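# Summary of the model geometry
Here are the chains, one letter per residue:
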Protein chains: 2
Amino acid sequence: MTPPQPRWINALTKALSLPENKGQNVYQIATVENGIPRVRTQVHRDIIYPEGCPHLPILLTTTDARSPKVSQITATPRVEVAWWLQGSQDQFRIAGPVRFDRPGAGSPDDPGRGGPFLALRRMDQQNFDWEAKRRAVFDTMSAHMRASWCRPPPGSTMSAYADAKKWPATVPSLGEAESDEDRTNQEQALGNFALVLIEAEEVDWVQLGVIPNQRTKFVRQEDGSWKEEIIVP
Amino acid sequence: MTPPQPRWINALTKALSLPENKGQNVYQIATVENGIPRVRTQVHRDIIYPEGCPHLPILLTTTDARSPKVSQITATPRVEVAWWLQGSQDQFRIAGPVRFDRPGAGSPDDPGRGGPFLALRRMDQQNFDWEAKRRAVFDTMSAHMRASWCRPPPGSTMSAYADAKKWPATVPSLGEAESDEDRTNQEQALGNFALVLIEAEEVDWVQLGVIPNQRTKFVRQEDGSWKEEIIVP
């Protein structure tokens, strides 16, 4: 029997649909780099599920494959996301194992201490077409955003801000390149574009908009079902 | 000679004063727990400096001293803060060594791999009255917020949300307790209340509201001066 969907998914979806949370589609993702903490803001793109598995949500965001977070996650394949919804005063902290998908990245079966891949393994078993997904997400991005993956590696040194004017400003979506330059840029951008796939394994939901405040912890069990606990805010 | 104030402080202050960033006084703080990343949203309270040292800023926020982040920071005394200003599309990532201040917490001279304490050591040498500061910050909090430090330890299990109705709902500011109950609650709240002091050592400022995007990295040097570098966004 398929376990039911955890209650936090519905709570998150409902919170995101509130007018007061409009546009709050960013969260902060924490990683570890040589034992010290790192964190940056990312745009949330989607929540996906293996077919027939509403209990195994995966957060989808994207990155430049040359970014330092990629090597951090390769070394410690687990992240925690803090999603603060200012309008309704809800915080969702979502932690779990993480994987990249881009050509040649491989698909490690076991993230070790990152935690077990239940959802991603299931999608792999279902022969989910990750490359088609990657290209589809690439195409949903703005032309300006796509061009950001044609820059030199993120974090590398520049001599002046104005050097950025030499970089491509836009890259067309797939199938819409009109010049050789477009095609070259598109190939480069797509080559540097990676999906970040975060399996929710532990969720901590705090409701500061409710008096008295409420806080609930959800932990995924080995069989994929979720255990829910009321905890002190 | 005192080194000049780093340019990012002025940029941050200016960004915070913009009407489109109104109310964006929260950031996410990442820590490490047994090698895995943790992150949560915190309210920014203040930036403080040792006397005569505008180049040594310290971010001040607060916590319940019983919170898991306290043991995380004790084990790895370094954090990174991600401060996303949605209105102006600026991100400040601020990393550095961190310390708590509360009665009996002690003041480690050396946070080890957390990085050196330049600013906090200077304030200690100047005999800064941390306990007076802690009490003053406690008093700036709302009565409702102060009551949150009278709850059972954050994260501990409860049997029902309604149990929260038995907890004190408000705690008066210092000197304004009217009953024995007020005094008991106040003592408990103050005992669980700690300052979190983060020395800025590395700052990564991304300006996504500017086209082409700009990104600047600031690194504090051993003598307390700041090195600034333009990097690829």
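Up top you'll find the structure we're talking about.
Structure report, in brief.

What counts and how
Residues numbered from 1 in each chain as written. Chains lettered and ligands numbered in written order. Predicted model: local features only at pLDDT ≥ 70, side-chain atom pairs only at ≥ 80, totals over all residues. Heavy atoms only, no water. Buried < 20%, exposed > 50% of the residue type's maximum accessible area, 1.4 Å probe, protein only. Helix = DSSP H or I, 4+ residues; strand = E, 2+ residues; numbered from the N terminus. Pairing = 2+ DSSP bridges. Contact = heavy atoms within 4.5 Å. Buried area = accessible area lost by both parts, 1.4 Å probe. Salt bridge = Lys/Arg side-chain N within 4 Å of Asp/Glu carboxyl O. Polar contact = N/O pair within 3.5 Å; in protein donor to acceptor, adjacent residues only side chain to side chain. Nonpolar A, V, L, I, M, F, W, Y, C, P; charged D, E, K, R; others polar.

For the rest of this paragraph, the subject is the pairing of strand β1 (residues 26-33) of chain A. Residue and element names in this part refer to chain A. Taken across its 8 residues, β1 has 7 buried, putting it largely inside the fold. Here β1 hands over to strand β2 (residues 36-43) after 2 residues, with N34 in that stretch at a positive phi of 50°. By the bridge criterion, 3 bridges tie β1 to strand β5 (residues 78-85) in an arrangement that is antiparallel. Bridge assignment links I29 to a residue of β5, and that residue is V81.

A separate point is the interface of chain A and chain B. If you look at the interface, chain A gives 55 residues, while chain B gives 55 residues. Where chain A abuts chain B, roughly 4,500 Å² becomes buried across the two surfaces, and 59% of that area is made up of carbon and sulfur atoms. Its largest share of buried area at the contact with chain B, chain A owes to Y161, I230 and V232 of chain A, together 17% of the area lost on that side. Between R38 of chain B and E202 of chain A there is a salt bridge, with its nearest N and O atoms 3.5 Å apart. Summed over the shared surface of chain A and chain B, the result is 25 residue pairs in polar contact (both at pLDDT 80 or more). Elements with a minimum of two residues in the side of chain A that touches chain B: β1, β2, β5, β6 (90-101), β7 (157-158), β10 (214-220) and β11 (226-231) of chain A. Partitioned by chemical class, the residues of the side of chain A that touches chain B number 25 nonpolar, 17 polar and 13 charged. Relative to strand β7 (residues 157-158) of chain B, β11 of chain A is paired through 2 bridges, and the arrangement is antiparallel. Opposite I230 of chain A, over in β7 of chain B, you have M158 of chain B as the bridge partner.

All names here are of chain B. Here the structure, examined in full by the defined rule, presents 39 salt bridges over all chains. As a salt-bridge pair, R38 and E33 come within 2.9 Å of each other at their nearest N and O atoms. Judged by relative accessible area, E33 falls into the partly exposed class, the value being 24%. A salt bridge links E199 to R220, with the shortest nitrogen-to-oxygen separation between them at 2.7 Å.

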